[in-house]
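# Descriptive structure summary
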Amino acid sequence: MKQLLNNIFYSFPVQLFVLHFRKFQVLLVFWYLLGSTINSGFMKTFGADALFFAPEYLGKVDMLAAVIVGIALGVFIMSWNVTTFILHSKRCKFLATTSKPFFKYCINNAVLPLLFIVFYFIKLIPFNKNKELMSAGEITVIAVGLLVGFILLLAVSFIYFFQAEKTILRSVVPIVSNPQHFKEEYNPATNPQQEGFGMKVGYYFTGRFRLRKARNVSHYSQDFLDMIFKRHHFSAITSIVLAFVFLAVVGFFLDDKFFQVPAAASIFIFFAVMTAVIGALTYFLQSWSLPFIIVLVFFIDILYNNDIIDPRNKAYGLNYTNKTERPLYNKQALQQLCTPDKTAADKANMLTILENWKQKQTVPKPVMIFINVSGGGLRSGTFVMNTLQKLDSITKGRLMQHTMLISGASGGMLAATYYRELYRANLTANPPVSLSHPGFTDNIAQDLLNPIFSSMIARDMFSPAQKFTVGNFKYVKDRGYAFEQKLNDNTGGILNHQIKDFAADEKTAKVPLMIFNSTISRDGRQMIVSSQPLSFLMKPFLYATDTAASPDAVDFAAFFAKQDPGNLRLLTALRMNATFPYVLPNVWLPTQPVIDVMDAGLRDNFGQETSLRFIENFKDWLQQNTGGVIVLQLRDRRNDNWQQPFESNSITDVLVKPATMLQHNWYKLQDFSETNQYSYLHDGLDTLLHRISFMYVPKKEDKGAALNFHLTAQEKKDVMESFDNSYNQAALKKVLELLK
């Protein structure tokens, strides 16, 4: 028994498995991240697990999508095999004297990949059954597709390596067949093997999966073993180079939907590339790897600071070529945008819009509605779209007729803008379409992640030189561009406008005013994008005439008056409003010094700050001309803030709690603050102001929809059914009572 255990421990598969945990452990990080994602751990709240279990390609979750993911999984595993073979082959000296050494290495190195694949399928079946609501047949199709793709990639890879093996043999045979030359060149006496460097191996699996005792190779010189391995290394490196070339080619053709592979495939390929890069640095530079990386970072930073390279994303439509008239971003410059004279002029313009809104109402003192929508990816987008459709249908069109302003963040604004644009198009449509058609909610719920990840891997990293044109200006295609194109496709092109295109309709109050906020990362101020001048929103109402008070918001149109602000794409305004960290790039703006903006949710995830400041500026007009004001909040989370408490269940939680508490409770802190703001404003308006919230409440608290740009079938179903819960039905009754 002892001998059996000893043979098992010193078998090549076990020794390789142990070796990975002893050497170059950084490569295991990718396996850990993938395993944790599959286990619904890593990035669970963003729905990353669904990308692997229900891959989507060309708008469908089917076998073809699964085959592509299977191929990508094969690429990752082969990259792992190639990289570790290059790094560890000197420790596996006996392989040099076998035929097809790389093939045998892959077979014996299969413990970790097999464990992952088995775990993958164990998790895939219940996920697709319970969350994607797939039948047994559909689950089988996905599983078979993954296996077919994986096996196909392995077959192609080994055919390549078998051909490379023949080439290597042809070059080695003349050396081995000439004993005199072989002895002179590879004499073990003149260049003996390194002592203690090799790995003790008793048995290994052959190409036919049979156990064979490892051959003693101590009588070979180190030069001979190195020569054999280096020729195999060249073949392996060539395969990685081909993979790099493939990614670059894909990046150039990414506008074609055919090349927009499933997000899971992009992740697998990205990890494959990173594994190869880390392996290459370690192999060629060895102990110089870290100094090289440090020098490389400094070199890239020099190129960046001298404008030789510029990876920053831009606001499409905005003029970046007018470098001599870029606005200064400082206190004095912002104060000049909101002087008493300018705010008075902008308020006069808005009063005209308010009067236009009143004229289209049917009663002398109508109820005015401000719609605030929360961020939350497609979870919020789907809930907002479904809720707007049902509210407008139940009120027989009065919701949009009574709505003056729409603001908010991220996914909620994607849906609210889509619905507003459908409403705007319907005003002149012949015949008009039904705004309550379920297909519109289906459109906004469609996947947005696949093109983002595909672009991040294939275009942002390998083909960053492609450009496109908006008006007279050119911009680099990146994942921000891919996001906008996908959103435009999902919504049938109705969002493909510039801000100036709907200025007239908003001025005449034919449609509700849209305000697109984003957060300036430099100092947390709010960037306000609108077709109308809004300098009166740059400061709290109390400090509007205080010239010493610094603005906490910026009117985009006024600030970039010389950069053609009206040409900004509506899709870009939405992306600036929904720039989820890392998933989408921050948008840099042409200022001195340069600033960049990101998700509005960092400052105001629920859109209420903008609405309350607007109401406070026009409260006298509202009291005289309306029968009440409804702040209608459509949110993707409850407002009692007892869900998902920040708990300390382990010693590591205790250690990281001070650093992560703010991040975990960010939205709750916003909620507390905005409730206070509402309370103070409500006291000044007596019974005029009403805040009514519609909330997405999952049926099961621990199985709610993820904050993500991808929804599973179960998540979509859960989000849409949430409108019918008792809380939202009570809110509906309040709305109907006020609109009587």
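Since the structure is predicted, the reported quantities are computational estimates derived from the model, not experimental observations.

### Quick notes on the overall build of the protein chain
Within the protein chain, the regular secondary structure consists of 30 helices and 14 strands. Residues classed as buried in the protein chain amount to 53% of the 740 residues present. Considering only contacts within the protein chain whose residues lie at least 6 apart along the sequence, 80% involve residues at least 24 apart. Carbon and sulfur atoms form 61% of the exposed surface of the protein chain, whose accessible area is close to 33,300 Å².

### Side note on the packing of aromatic side chains
The final tally for this structure, using the stated rule, is 30 aromatic pairs. Measuring from ring centre to ring centre gives 6.2 Å for Tyr418 and Phe440, while their planes differ by 85°; the resulting arrangement is edge-to-face. Taken together, the positions of Tyr418 in helix H17 (residues 410-426) and Phe440 in helix H18 (residues 438-444) put the pair 22 residues apart, joining distant regions of the chain. Each member of the pair, Tyr418 together with Phe440, is buried. Within the aromatic cluster, the residues linked to one another by ring pairs are Trp31, Phe52, Phe53, Phe76, Trp80, Phe116, Tyr120, Phe121, Phe127 and Phe268. The side chain of Lys314 reaches across the aromatic face of Tyr320, ending 5.1 Å from its centre. Just above the ring of Phe606 sits the side chain of Arg635; from NZ or CZ to the centre is 4.3 Å.

### Concerning the pairing of strand E12 (residues 595-598)
Bridge analysis of strand E8 (residues 513-520) against E12 gives 2 bridges, and the strand direction is antiparallel. Looking at E12, one finds that Thr519 is bridged to Met598. Adjacent in sequence and paired antiparallel, strand E11 (residues 587-589) and E12 are bridged by 5 residues.

### Observations regarding the pattern of salt bridges
Under the counting rule described, the total for this entry stands at 17 salt bridges. Notably, a salt bridge pairs Asp636 with Arg379, separated by 2.5 Å at the nearest N-O pair. Residue Asp636 is located in the loop between strand E13 (628-635) and helix H27 (651-664), and its partner Arg379 is located in helix H15 (residues 377-394); the two are separated by 257 residues in the primary sequence. The pair Asp636 / Arg379 is uniform in exposure class, with both members buried. The shortest N-O distance in the salt bridge between Asp552 and Arg603 comes to 3.1 Å. Of this pair, Asp552 sits in the loop between strand E9 (526-529) and strand E10 (553-555) while Arg603 is found in helix H24 (residues 601-604), placing the two residues 51 residues apart along the sequence. Each member of the salt-bridge network shares a partner with another, and the members are Arg420, Glu421, Arg424, Asp505 and Glu506.

### Side note on helix H23 (residues 570-577)
Of all 8 residues making up H23, 8 are buried, and the element is well covered by its neighbours. Those residues of H23 that fall on the buried side of the exposure criterion are Leu570, Leu571, Thr572, Ala573, Leu574, Arg575, Met576 and Asn577.

### Regarding the nonpolar core
Tyr120, Phe268, Phe516, Leu589, Leu632, Phe694 and Phe709 are the most contacted members of the largest nonpolar core, which has 153 residues in total. At 14 residues, helix H5 (residues 63-88) tops the list of elements feeding residues into this core. Counting 29 residues, the second-largest nonpolar core is a separate cluster that includes Leu405, Leu513, Phe614 and Trp621.

### Section: the confidence of the model for the protein chain
Detailed reading of predicted coordinates is not advised where the pLDDT is low. For the protein chain, mean pLDDT is 82; residues scoring 70 or higher make up 82% of the total. pLDDT under 50 marks residues 168-178. Its contacts with residues more than four places away, or in other chains, come to 14 contacts.

### Notes on the side chain of Arg613
Counting through the fold element by element, Arg613 comes out in helix H25 (residues 608-617). Within the local environment of Arg613, its side chain forms a polar contact with the backbone oxygen of Leu537, the two atoms lying 2.9 Å apart. Residues in contact with Arg613, not counting those within four places in the same chain, are Leu537, Met538, Lys539, Pro540, Asp552 and Arg603.

### A word on the environment of Val273
As for its position among the elements, Val273 is in helix H11 (residues 263-285). Using a relative accessible area of 9% as the deciding quantity, one classes Val273 as buried. A C-alpha to C-alpha distance of 9.2 Å links Val273 and Val75, two positions 198 residues apart in sequence.

### Things to note about the environment of Thr343
Note on placement: Thr343 falls in helix H14 (residues 340-359). Since its relative accessible area comes to 12%, Thr343 is described here as buried. With 194 residues separating them in the primary sequence, Thr343 and Leu537 have C-alpha atoms 8.7 Å apart. Within polar-contact distance, the side chain of Thr343 engages the backbone oxygen of Pro340 at 3.0 Å.

### Regarding the environment of Ala548
Turning to its location among the elements, Ala548 is positioned in the loop between E9 and E10. Spatially, the C-alpha atoms of Ala548 and Gln335 are 8.4 Å apart, while their sequence positions differ by 213 residues. What Ala548 contacts, discounting residues up to four positions off in sequence, is Lys331 and Gln335.

### Concerning the pairing of strand E5 (residues 403-408)
Counting buried residues in E5 gives 6 out of 6 residues, a clear majority hidden from the surface. Here 5 bridges tie strand E4 (residues 367-373) to E5, and the two strands are oriented parallel to one another. Opposite Asn372, over in E5, you have Ser407 as the bridge partner. In this sheet, E8 lies alongside E5 in parallel orientation, the contact comprising 4 bridges. Residue pairing for E8: Gly408 is matched across the bridge by Phe516.

### Thoughts on the packing of H5 against helix H6 (residues 101-108)
Contact geometry for H5 and H6: axes closest at 10 Å, N-to-C directions at 110°. Our classification of the angle between H5 and H6 gives roughly perpendicular. Seen from above, H5 lies across H6 with right-handed handedness. Contacts between H5 and H6 involve Met78, Asn81, Val82, Thr84, Phe85 and His88 on the former and, on the latter, Pro101, Phe102, Tyr105 and Cys106. In the contact of H5 with H6, the residues fall into 7 nonpolar, 3 polar and no charged.

### Let's talk about a nonpolar patch on the surface
A contiguous nonpolar patch, built from Phe292, Ile293, Leu296, Val297, Phe299 and Ile300 and spanning about 510 Å² of accessible area, is present on the exposed surface. Considering the arrangement of structural elements, one finds Phe292 in helix H12 (residues 289-305).

### What to know about the packing of H5 against helix H7 (residues 111-130)
Look at H5 against H7: their axes get within 11 Å of each other, and the N-to-C directions meet at 155°. As judged from the angle between their axes, H5 and H7 are roughly antiparallel. Handedness of the H5/H7 crossing: right-handed. Contacts between H5 and H7 involve Val69, Leu73, Ile77 and Trp80 from the former and Leu112, Pro113, Phe116, Ile117 and Tyr120 from the latter. The residue makeup of the contact of H5 with H7, split by class, is 9 nonpolar, no polar and no charged.

### Regarding H6
Burial of H6 is extensive: 8 of the 8 residues sit out of reach of the surface. Those residues of H6 that fall on the buried side of the exposure criterion are Pro101, Phe102, Phe103, Lys104, Tyr105, Cys106, Ile107 and Asn108.

### A short note on unusual backbone geometry
In this structure, Pro431 follows Asn430 across a cis peptide bond, with omega equal to 0°. Considering the arrangement of structural elements, one finds Pro431 in the loop between H17 and H18. Of note, the bond from Gln592 into Pro593 is cis; its omega dihedral lies within 30 degrees of zero at -5°. Along the chain, Pro593 turns up in the loop between E11 and E12. Within the chain, Ala509 stands out as a residue other than glycine whose phi angle is a positive 65°. By the element assignment, Ala509 lies in the loop between helix H21 (503-507) and E8. In this model, Asp564 sits at a positive phi of 55°, which is unusual for a non-glycine residue.

Parameters at a glance
- Residues numbered from 1 in each chain as written.
- Predicted model: local features only at pLDDT ≥ 70, side-chain atom pairs only at ≥ 80, totals over all residues.
- Heavy atoms only, no water.
- Helix = DSSP H or I, 4+ residues; strand = E, 2+ residues; numbered from the N terminus.
- Buried < 20%, exposed > 50% of the residue type's maximum accessible area, 1.4 Å probe, protein only.
- Contact = heavy atoms within 4.5 Å.
- Areas by Shrake-Rupley, 256 points an atom, 1.4 Å probe, with all protein chains shown as cover.
- Phe/Tyr/Trp six-rings, centres within 6.5 Å; stacked < 30°, edge-to-face > 60°.
- Lys NZ or Arg CZ within 6 Å of the ring centre and 35° of its normal.
- Pairing = 2+ DSSP bridges.
- Salt bridge = Lys/Arg side-chain N within 4 Å of Asp/Glu carboxyl O.
- Core = buried A, V, L, I, M, F, W, Y, C linked by side-chain atoms within 4.5 Å.
- pLDDT = per-residue confidence, 0-100.
- Polar contact = N/O pair within 3.5 Å; in protein donor to acceptor, adjacent residues only side chain to side chain.
- Axes fitted to C-alpha atoms, helices over the stretch in contact; angles between N-to-C directions.
- Parallel < 35°, antiparallel > 145°, perpendicular 65-115°, else oblique.
- Left-handed = near helix turned anticlockwise from the far one by under 90°.
- Nonpolar A, V, L, I, M, F, W, Y, C, P; charged D, E, K, R; others polar.
- Patch = residues over 30% accessible without salt bridge, like charges linked within 9 Å, V, L, I, M, F, W, Y side chains within 5 Å.

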